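# Analysis of the macromolecular model
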Amino acid sequence: MRSLLSKGFGPALPAGFGARQLGVVLLAVLLWGGESQAAQAAATSGAVTPPPDNLIRPILVTVMPAVQPDQASQAQQPAPADKFFSTPFQTESQFIVQSIITDLAEQMFYAAHKQLPDAHYFSVTTQEQPDSPRDAPVYELQIRLDASTNRIEQELNINGPIWSPALYARAGTALAGAVGLPPSAAGGAGNTNWLTKLLDSTPESLASEDLALSGALERDFTNAALHEQAAVLLGAFAFRDHAGKFFALGQPLCRLTAHLVMAQVLRGGGEYGINGKLAEVFESSLSGNEVDALAKLDALDKLDLPGRESAAMTALTRSLRAYNTGDYRPLYTAVGLSRMEGVQWFGALAQSASVQVAWSKLNDQQKQTIDYVRLAHQAGHSVEIGHELLANSMKLEMQEIAIVHLLETGSKLTRSGLVRALNELPRRAFATDTNGAPRVQVIGWGLWADFLQRHLCGAVHENIDFMKNYWGVPDEAKAYAERCALVFGGLRLYPLVRRMDFTTAEECRQAEDDGLAEVKARPQLMPAGAWNSLDYQIGLGPSFLATCNPRIDQWFTHNPPPGTAYDVEARLKQSTLIQRADAIPFMEKLRARAPANDWIVNYLYYQEYGGGMTHEQALTLFSSRLPYDVNAMQRVASTLQDHPDQYEALMLQAAELNPAGYYTLSDYFRQKGDREKADDCLEKACAADQDSVRVSYYALQRVERFLRAGNVARAQQIADEAGEVYSSPGLKAKARFFELTSNYDGAFEWYAKLEERYNESAALVSFCVNYQARSGDTRFRPEVEKRQDKLFPAGLERVSLADFQGPPADGVRLGKTINPLLVTGLKEGDVIVAIYGVRTHTSDQYEYVRDGKTDPELDLIVWQDHSYHELKITPPRRRFGMPMYDYSGGG
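Cut-offs used in this document
- Residues numbered from 1 in each chain as written.
- Predicted model: local features only at pLDDT ≥ 70, side-chain atom pairs only at ≥ 80, totals over all residues.
- Heavy atoms only, no water.
- Helix = DSSP H or I, 4+ residues; strand = E, 2+ residues; numbered from the N terminus.
- Areas by Shrake-Rupley, 256 points an atom, 1.4 Å probe, with all protein chains shown as cover.
- Salt bridge = Lys/Arg side-chain N within 4 Å of Asp/Glu carboxyl O.
- Disulfide = S-S within 2.5 Å.
- Buried < 20%, exposed > 50% of the residue type's maximum accessible area, 1.4 Å probe, protein only.
- Core = buried A, V, L, I, M, F, W, Y, C linked by side-chain atoms within 4.5 Å.
- Contact = heavy atoms within 4.5 Å.
- Expected span 1.5 Å × (residues − 1).
- Pairing = 2+ DSSP bridges.
- Axes fitted to C-alpha atoms, helices over the stretch in contact; angles between N-to-C directions.
- Parallel < 35°, antiparallel > 145°, perpendicular 65-115°, else oblique.
- Left-handed = near helix turned anticlockwise from the far one by under 90°.
- Nonpolar A, V, L, I, M, F, W, Y, C, P; charged D, E, K, R; others polar.
- Phe/Tyr/Trp six-rings, centres within 6.5 Å; stacked < 30°, edge-to-face > 60°.
- Arc of directions from axis to C-beta.

## Some remarks on the overall build of the chain
Of the regular secondary structure elements, the chain holds 42 helices and 11 strands. Counting every atom, the chain has about 34300 Å² of accessible surface; 50% of that belongs to carbon and sulfur.

## Here we look at the pattern of salt bridges
By the definition in use, this model includes 51 salt bridges. In this structure, the salt-bridge partner of Glu 739 is Arg 736, at a minimum N-O distance of 3.2 Å. Here Glu 739 and its partner Arg 736 are both found in helix α38 (residues 728–740), three residues apart, which amounts to about one turn of the helix. For Lys 827, the salt bridge identified is with Asp 830, shortest N-O distance 3.6 Å.

## Details of the state of the cysteines
Within this structure, the stated rule accounts for zero disulfides. Unpaired in terms of disulfides, Cys 484 finds its nearest cysteine sulfur in Cys 457, a separation of 9.9 Å. Its relative accessible area of 0% is what places Cys 484 among the buried residues.

## Focus on the nonpolar core
Counting 140 residues, the largest nonpolar core has Tyr 168, Trp 448 and Phe 488 as the members making the most contacts within it. For this core, the element with the most residues is helix α20 (residues 444–471), which contributes 14 residues. If sequence neighbours within four positions are ignored, Tyr 168 has contacts with Ile 96, Val 97, Ile 100, Ile 101, Leu 104, Leu 156, Ile 158, Ile 162, Thr 257 and Val 261. In terms of nonpolar packing, the next biggest core, distinct from the first, is built from 47 residues, Leu 707, Phe 737, Tyr 836 and Leu 860 among them.

## A short note on unusual backbone geometry
Omega for the peptide link from Asn 559 to Pro 560 comes to -5°, which places this bond in the cis form. Following the sequence through the fold, Pro 560 ends up in the loop between α25 (552–555) and α26 (568–571). Non-glycine residue Asn 759 carries a positive phi angle of around 55°. Within the element layout of this structure, Asn 759 appears in the loop between α39 (744–758) and α40 (762–775). Despite not being glycine, His 866 has its phi angle at roughly 70°, a positive value. On the secondary structure map, His 866 appears in the loop between β9 (858–864) and β10 (867–873).

## Digging into helix α14 (residues 339–352)
End to end, α14 covers 20 Å across 14 residues, agreeing with the expected 20 Å (1.5 Å per residue, within 8%). In terms of burial, α14 is largely enclosed, as 12 of its 14 residues are buried. For α14, the complete set of buried residues consists of Arg 339, Met 340, Glu 341, Gly 342, Val 343, Gln 344, Trp 345, Phe 346, Ala 348, Leu 349, Ala 350 and Ser 352.

## Section: the pairing of strand β2 (residues 138–144)
Where strand β1 (residues 123–128) lies against β2, six bridges are found, and the strand directions are antiparallel. Within the sheet, the bridge partner assigned to Gln 127 lies in β2 and is Glu 140. Where β2 and strand β3 (residues 152–157) come together, six bridges link them in antiparallel fashion. Looking at the pairing, Ile 143 lines up with Ile 152 of β3.

## Details of the packing of helix α36 (residues 699–708) against α38
Geometrically, a packed helix pair is captured by the angle between its two axes and the distance between the axes. Running from amino to carboxyl end, α36 crosses α38 at an angle of 20°, the nearest separation of the two axes being 9 Å. Between α36 and α38, the angle is such that the two are roughly parallel. You can see that α36 and α38 cross each other, and the crossing is right-handed. Packed against α36, whose contacting residues are Ala 699, Leu 700, Val 703, Glu 704 and Leu 707, the element α38 presents Ala 733, Arg 736, Phe 737 and Leu 740 at the interface. In the contact of α36 with α38, the residues fall into seven nonpolar, no polar and two charged.

## What about the packing of aromatic side chains?
On inspection of all chains with the given rule, the structure shows 38 aromatic pairs. Judged by centre distance (5.5 Å) and plane angle (75°), the ring pair of Phe 346 and Tyr 372 falls under edge-to-face. Placement of the pair is Phe 346 in helix α14 and Tyr 372 in helix α17 (residues 370–379), with a sequence separation of 26 residues. Phe 346 sits in the buried class, given a relative accessible area of 0%. For Tyr 372, a relative accessible area of 0% translates into the label buried. When the centroid spacing of 5.7 Å and the interplanar angle of 80° are considered together, the rings of Trp 448 and Phe 451 count as edge-to-face. Highlighted residues: Trp 448 and Phe 451, both in helix α20, separated by three residues, approximately one helical turn.

## Let's talk about the side chain of Gln 574
You can see Gln 574 is positioned in the loop between α26 and α27 (575–578). On the basis of relative accessibility, which here comes to 1%, the residue Gln 574 falls in the buried class.

## Notes on the environment of Leu 156
Inspection of the secondary structure puts Leu 156 in strand β3. The exposure class of Leu 156 is buried, given its relative accessible area of 5%. Taking the C-alpha atoms as reference points, Leu 156 and Val 97, 59 residues apart in sequence, are found 8.9 Å from one another. Each residue touching Leu 156, except ones within four places of it in the same chain, is listed here: Val 97, Pro 137, Val 138, Tyr 139, Leu 141, Leu 167 and Tyr 168.

## What about the packing of helix α12 (residues 307–325) against α14?
It is the contact of α12 with α14, at a shortest axis distance of 9 Å, that shows an interaxial angle of 20°. As far as their axial angle goes, α14 and α12 are roughly parallel. For α12 against α14, the interelement crossing comes out left-handed. Residue-level inspection shows Ala 315, Leu 316, Arg 318, Ser 319, Ala 322 and Tyr 323 of α12 in contact with α14, the latter providing Met 340, Glu 341, Gln 344 and Ala 348. Looking at the contact of α12 with α14, its residues break down into six nonpolar, two polar and two charged.

## Quick look at the sheet that holds β3
On the basis of which strands lie adjacent, the open sheet formed by three strands has the order β1-β2-β3 and antiparallel pairing. Every other strand in the sheet has two partners, leaving β1 and β3 as the edge strands with one partner each. For this sheet, the mean angle separating the axes of adjacent strands, direction not counted, is 20°. Helix α5 (residues 169–179) contacts β2 and β3 of the sheet and is inclined by roughly 165° relative to β3.

## Re helix α37 (residues 712–725)
Relative to the 20 Å expected for 14 residues at 1.5 Å per residue, α37 spans 20 Å between its end C-alpha atoms, a close match to the ideal helical length. Within α37 the residues assigned to the buried category are Ala 715, Ile 718, Ala 719, Ala 722, Gly 723 and Val 725. When α37 is viewed along its axis, its buried side chains cluster within an angular range of 150° and face the same direction. Residues of α37 that are exposed and angled more than 90 degrees away from the buried face: Ala 713 and Glu 724. Where α37 is buried, its residues touch α35 (692–696), α36, α38 and α39. Residue Tyr 726 follows α37 closely and has a positive phi angle near 65°.

And the structure:
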């Protein structure tokens, strides 16, 4: 591990990358400008964050070719007038089929004639048969190449993975026959020397390889081995996609498939060379078919390659295994990792342990590398990491845009030309020069522009979301959003950023209108996760959101694309997947394709088993990830709570990977009455946890414990550290330390900081009331009078169980429990209407009354199962481990 941590994976400039190119990098920074004051102040700021999740990563389940106008040779039949989308394809699967067939037809024609088919005659149409099976649609193909070639008509049955080259072999053979293209032995088994270049995995190296390989194909387009290399390069390009809600691989996967079909036809249906076999692994991996990818990797491992190429292939297969399994262990112990391996190691560790754990193992250079930043954004992170990402993400995104644009187009990027450049649409395998002659492009600026725009939009959204909802600085977030909109507002995907981060109904309406227009014009370029945002119902003013119909169900008819487990995370929020009558059996089929996909596994955990299962069921469901994944360990351990030794052993294994496991163990031992073990686990958790905000949630408990033990110095150290974090719990802990050590002015000062920072008056009022009750001193009484009327506009209402009739109009509603060990007698959806005989209409009122007493037993009146109950419960630290929300009836 030491060698990994000491090795940097920062961007390496390609040969010939001189002062002119470096100047463009600097220009990129100037385009974005300096970081905001918010980012510069990050190191000393606190956060608003939810309570610690104790390892559980809950799944969010909401019930609920391409014609390019800039390329004449891609002419298609016009879309029927009664169809919603402006494109000739009306579903995702139809687009995939039509894109691959159109790309293939153009490539075949070019290979035979060194020119593209005449747009006046050339057409490709695909029509799904009305009686097609839902998960294996059948398409009628019609292909017209030119005036002298007979129309090709075929039936295409998608009875396997939709991006599998085998499905399109018959169409490829027919096209080759139509243009008179014979098989070619050119290229042999293929070049493997270049594999070491792929491992560099920088945008510079990928763009440079794109230019070199495109030129080689232009000179020798009937070389099967070069088409296989092109497919590998497209796979390596897509391998870097970490755009979060803006993730989308459809375009490069379609082009990858077309190149592999070309290679297969040129080889006369014979076996792929080494690059072709590697490209097949990329296709299976990127489409989510883990089992298929791993079987192909096993076959690759048996190939006999020379030493240098063998080492490169080993590194590539290690990276692909980590991508498909989330198992970081083979990379964890490896020496001298390439950049590609380092990124996949980080991604797997972040997924299987936590982002905090993975980020803590990076060196400074890696933390300044865009791939790690994107992965951290995508996977979720702590507030501290969020500050680092905010400070660096936009600068790094702009650097990559400028470098790739220069290499791909040969021209400098200016601020005025930024939006226009990023809005250029992806083409297929050809561009045209100034004389109208076709030029081969494997990736090309169009695909790069789409890739870079999606990542840029993803970074903007993540930064705004972090500032507004986690750091808790809405004014800074609004200013940041306005600044970004001035620079990037013209991007075709930017309406989706505005829809995710709007602050007014007017902004929301405009974002929906603009986003829906983009959906209608170019659905094939709309990332599924971002598209979902147009369909979210948000309670802001009148029900104006109900009028937006983003046609998600219409586009994602076959969901996910047939024969794949592609992009399941985004699709678990779409009704065509989760509302199908056979949703559970179908998800089991997806799990058979992708047993390590934690989104699929967690969906089954909640929907099939309701979050509860036997030990044997848990072992079966989580078996693929259990040896290395903390979520799987915790799920399985939860079935062993009646077997303390086994439970502790498995949770200790989880805690070794992610210190948050010690929090869970602490709660478990506390519930079992073993206070010594509980306290020991809590201290281990706080000592090892990289997330200081999460640690601050336990500061009050620890301060009180060390003060009871007479260790004032340790209690003060904990209080000081928590106060520096400036989270709500941290401020409370610091104030409480002063209160318990009789420094009442200090206590008032820190409770006042809490009120000022988070608009929380309950704790301050509670302190003042308790102080007066204990001491008789009325010096804080004016402060209470200033605030109590605001907190209790109707005054303190004394109530009993007999006072309640019918469902409550308001109260404090409980969310899903984080740890069932903490709660007895309460469950999600219960509404607390009184505590200690005082009516509580809001969570602030509840906390005020609760904190005004020291009795460990809580005396509650709760609306539960359609009736009121009086409950007396004693949870640890007088907390439930359940989120609480203000409730206003109706649910």
